[in-house]
Amino acid sequence: MAQDATVPKLNFRYWLDKAIEWGQATTLESQKDVCLHLPQLQEFLHQLYETIKHSGSTVAIQQFPLIGQLLGRLCWNPFVIGYDESQKTLMWCLCCLYSSEPQNAVELKANSWIRSLLCHLLSSSKWESNEAETSTFISALGYTSADYYCHLVKNMVVSLVTELRENRFNGLNIQGSISASRVNAVSLFCVPLITLPDLTPLLETLLLYHGGSSKEILSSEFLEAVNEAFLKKKISLPESAVFSLWLRHLSSLEKATLHLLDQLFSIQLNSLEEVACVMKDSLL
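The name that an unreviewed UniProt entry assigns to the chain is FANCC protein, with the source organism given as Falcunculus frontatus.

Have a look at this one:
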């Protein structure tokens, strides 16, 4: 296949056939086979992520036309997503396929499908053991599964934002119940989901949060990912959050400055007013 010619080690067809063969791993044989192949599957998913991360969603889908079928099948296999590393890499792959600025109905539909899969991955560990009962419960609430999980993610974001803000503004001005390691873990959790609109309030709250530690408590991966998404206009943040990002992570400020200089040198500017507009838009 074309995929194998471009990326020799990426045996896409083999893993798609495996995903189809495994289904949702309902038999003992399929469960044993999934467990046997998990290390190799994780290596493949990491290679796939590295490949599509640099190509963009449009090129990735052209290169791997069946990537949606593969990721969808793997996301619904409880033995695959029960392995933390595979679940995380699947989320990264899905976020690479998410179109921050969808241009047509196909991309809009793809974004909706990706959101539903991400919601499923985020909630699967809690619900999969009682899937039948959960489906009945969701139906009784008047939701489809995708709608319910979407609300679940929004509620999770609201809960984390409330927890962080209450800790930040507690009356004694001391560090409350949230440990630095927990805040760091929350920031890492956000990395593959940064461009999802529902996550924006949590991004802002994290960037404005300092706690009681003299050291940086947010992960560098989170800070770099937020800065890159902001510079590429994949997310919108209030000025206070952007300034806080640059003050707490000077390499991001440096990248933002270089990005502005590159803009000024690469585009045709006909007046000082246009220069001023570009500079104002950069927040620098």
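After that view of the structure, there is still more to cover.
Here we come to the side chain of Asp 33. Inspection of the secondary structure assignment puts Asp 33 in helix α3 (residues 28-55). The exposure class assigned to Asp 33 is buried, which follows from its relative accessible area of 15%. Excluding residues within four positions of it along the chain, Asp 33 makes contact with Lys 18, Glu 21 and Trp 22.

Let us now look at the state of the cysteines. Scanning all chains against the criterion turns up 0 disulfides. In this model Cys 93 remains outside any disulfide bridge; the closest cysteine sulfur is found in Cys 96, 6.5 Å from its own.

Looking at the element boundaries, Leu 48 is found in helix α3. The class of Leu 48 is buried, set by a relative accessible area of 0%. In this structure, the C-alpha to C-alpha distance between Leu 48 and Cys 93, residues 45 residues apart in sequence, is 7.5 Å.

Core analysis: the largest hydrophobic core is formed by 69 residues, its most contacted members being Leu 202 and Phe 222. No other element matches α3, which puts 8 residues into this core. Split by domain, this core shows at least three residues from each of two domains, domain 1 (12-124) and domain 2 (147-170 + 177-279). Each residue touching Leu 202, except ones within four places of it in the same chain, is listed here: Val 157, Leu 160, Val 161, Leu 164, Val 186 and Cys 190.

What follows deals with the environment of His 46. Mapped onto the secondary structure, His 46 falls in helix α3. We classify His 46 as partly exposed; its relative accessible area is 35%. Separated by 42 residues in sequence, His 46 and Lys 88 place their C-alpha atoms 9.9 Å apart.

With that settled, the discussion passes to the packing of aromatic side chains. All told, the structure shown has 7 aromatic pairs when counted by the stated rule. In this structure an aromatic cluster arises from ring pairing among Tyr 14, Trp 15, Trp 22 and Phe 44.

The next thing to look at is helix α11 (residues 180-190). Along α11, the residues classified as buried are Val 183, Val 186, Ser 187 and Cys 190. Down the axis of α11, the sector holding all buried residues measures 100 degrees, keeping them to one side.

Take unusual backbone geometry next. In this model, Ala 25 sits at a positive phi of 55 degrees, which is unusual for a non-glycine residue. Within the secondary structure, Ala 25 is located in the loop between α2 (12-22) and α3.

Attention now moves to the pattern of salt bridges. On inspection of all chains with the given rule, the structure shows 6 salt bridges. Of the charged contacts in the structure, one is a salt bridge between Lys 18 and Asp 33, with a shortest N-O distance of 2.7 Å. Highlighted residues: Lys 18 in helix α2 and Asp 33 in helix α3, separated in sequence by 15 residues. We classify Lys 18 as buried; its relative accessible area is 10%. What you see here is one network of salt bridges that share partners, running through Lys 18, Glu 21 and Asp 33.

Of note, Trp 15 is situated in helix α2. The class of Trp 15 is buried, set by a relative accessible area of 7%. On a C-alpha basis, the gap between Trp 15 and Leu 74 in space is 9.7 Å, while along the polypeptide they are 59 residues apart. Discounting chain neighbours no more than four positions away, the residues touching Trp 15 are Trp 22, His 37, Gln 40, Leu 41, Phe 44 and Leu 70.

Take Asn 227: it is sitting in helix α13 (residues 220-231). The exposure class assigned to Asn 227 is buried, which follows from its relative accessible area of 1%. Filtering out sequence-adjacent residues up to four positions away, Asn 227 remains in contact with Leu 245, Trp 246, Ser 252, Lys 255 and Ala 256.

Reading guide: rules and limits
Residues numbered from 1 in each chain as written. Predicted model: local features only at pLDDT ≥ 70, side-chain atom pairs only at ≥ 80, totals over all residues. Heavy atoms only, no water. Helix = DSSP H or I, 4+ residues; strand = E, 2+ residues; numbered from the N terminus. Buried < 20%, exposed > 50% of the residue type's maximum accessible area, 1.4 Å probe, protein only. Contact = heavy atoms within 4.5 Å. Disulfide = S-S within 2.5 Å. Core = buried A, V, L, I, M, F, W, Y, C linked by side-chain atoms within 4.5 Å. Domains from an automatic or database assignment. Phe/Tyr/Trp six-rings, centres within 6.5 Å; stacked < 30°, edge-to-face > 60°. Arc of directions from axis to C-beta. Salt bridge = Lys/Arg side-chain N within 4 Å of Asp/Glu carboxyl O.

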